[in-house]
Every structure is written in C-alpha cells, then in structure tokens.
Amino acid sequence: MATGTEPRTQSGGVREGSRAAITARHLRTDRWWLAPAATAAGLLAFVVYSTWRAFANAHYYAAPYVSPFYSPCLAENCAPMRHGPNWEIFGGWWGLSPALLILIFPLGFRLTCYYYRKAYYRGFWASPPACAVAEPHKKYSGETRFPLILQNIHRYFFYAALLVALTLTYDTVLAFRDEHYRWGHIGVGTLVFLLNIVLIWAYTISCHSCRHIVGGRLKHFSKHPVRYRLWGWVGKLNAHHMGLAWASLISVALADFYVYLVASGAFDDPRLF
C-alpha cells in the first residue's frame, strides 16, 4: 500500500530521496517572494552607491566632517584633515581611492555577519528563497567548502570593526567643531554623525561574535556575574540585530551622502549654534 513517502527517482536538492510525495513546489499561498526581493533590492542599492562613492575619490571631506567611507585615511593622497584620522601608512605609491584601503574591514564584517548571510543567501542565491520554500539548487554543502567556509573569519572581522567604530567615534567628536575648527558648535551634520555612530556601535555590539566573546565558553554564569550581566545586555541587543543591521547600513550611507553634499557645495551645513 502506498504511503506517499516512497523514494522518488527525480533528483534536485531537497526533492531528492525519501520525502512526502507532494507535487507542488511549496504550499505557501502568501506573497513570500516580497521579503527576499526587497532584501535583494536594498542590498543592491547600497552596493551600487558604496561602489560609486568608494571609487569617486572626491567630496569626502568638508571641515569638520569626513565621510565614514574614507576614515581613517591610510594613504598620502588623502585630503588634509586638521586633527583628523590621517594615518599615512601607505606611501605615495597608492594612486587609487583611499576608501578602498579601509572599506574592506567594515564591509568584510557585514559580509560575513550571520544576518547578512541569511539576507543575501535568500535574496540573491535563493538558498533557500523563504521559509517552507524549497531551494532550487541540486546540491547543498552549506558553509563547509570554499569559498563559503571563509565566512568563519567573521569573528576576526569583529575586532577590525571595533577599531573602525572607535575611529568613527573620534570623527563624531571632531564634528562638534565649526568649519574653522572652533569647538563647541553643533550643525546638522553633527546630529547625522551622532545618529550614525550610535547605530554603528549598537549593530557592532549586538553581533553574535560579541555575545560569544562576552559570555561564551563559561560553564557557570554564577561565578562570573559581571560577564553574565554583559552577556544579558548584549543578548537583548542581539534580539534586534536584523533591525540594527539595516538601520546602521542606512545611517552610514546617509552620513557619507551628507558629507558629499556639503563638500560638493550643494548646500552649507546649517549650524544650530
């Protein structure tokens, strides 16, 4: 007597082997494709924008603001920034945009982030397209083979992201100056930088790697009350990691675009006081 779970001859991903004999690709009747499509569109928009700004090598500094895409500046061909993060580690031989020297670290951190993996796996590779929707690939090896096995370096990119966040914090402090480098002034750009650094830190600290570093590998939380409390705080942020990932992605692009508008002369930075 047929049970509906006999082995089937067709091959292809999750349809291979002994599974329920359901002819439909899935049983979802809602618009399940909207979420991965919106995710792909959002990530693609950021990739296009950040690529343009990274290779532009122009309009990234308007005193006292420096674009987060270009900070810290590690080449001699950087625009001179008074008291800014000018660390000329690379000599004059570097002729490309200095943003290419620094963006590898924050982008590497985001590219290997657990949430972003889910986002672009679903949005671009349809692996899987959505919950309860079978992926179309015939083979699936997870992250056990090259190049996806390199996702495991996320924990090391976390340390680099901390250094970048510290640098952007320094840039935010410098934003409390006016165009003549006098302290005690706040412009609209200062508020943009404040919003950005708060979201950058919230996203960085809410990372799963941070949660593991703070409270991982402990057998008895009762013997480590400080780490347990920190682990609890990071855990609460971690519950909002997806939202913080998108909010910080938008805020860093907004901060860069604001600097671009001011540096290109589109308008003057309005001063609140």
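Residues numbered from 1 in each chain as written. Predicted model: local features only at pLDDT ≥ 70, side-chain atom pairs only at ≥ 80, totals over all residues. Heavy atoms only, no water.

As for the state of the cysteines
Here a disulfide denotes one covalent bond, and it connects the sulfur atoms of two cysteines. What counts is decided by this rule: Here, the term disulfide refers to a pair of cysteine sulfur atoms separated by no more than 2.5 Å. Only protein chains enter the accessibility calculation, which uses a 1.4 Å probe; a residue whose area is less than 20% of its type maximum is buried, one above 50% is exposed, and one in between is partly exposed.
What the rule picks out here adds up to one disulfide. With a sulfur-sulfur separation of 1.8 Å, C73 is cross-linked through a disulfide to C78. Note on the C73 and C78 pair: the S-S dihedral is about -100°, so by sign convention the disulfide is left-handed. For C73, a relative accessible area of 1% corresponds to the buried category. Here C210 stays free of any disulfide, with the sulfur of C207 as its closest cysteine sulfur at 6.8 Å.

Describing the pattern of salt bridges
Side-chain pairing between opposite charges can occur once the charged atoms of the two side chains come close. The condition that has to hold: Definition used for salt bridges: Asp or Glu carboxyl oxygen within 4 Å of a side-chain nitrogen of Lys or Arg.
As enumerated under the stated definition, the model contains six salt bridges in all. Its salt-bridge partner being R28, residue D30 comes within 2.7 Å of it at the nearest N-O pair. Classification of D30 by relative accessible area gives partly exposed; the value is 41%. Relative accessible area serves as the criterion here: at 27%, R28 is assigned to the partly exposed category. For the salt bridge of D178 with R182, the shortest nitrogen-to-oxygen distance reads 3.1 Å. For R182, a relative accessible area of 48% corresponds to the partly exposed category. The network of salt bridges with shared partners includes E179, D269 and R271.

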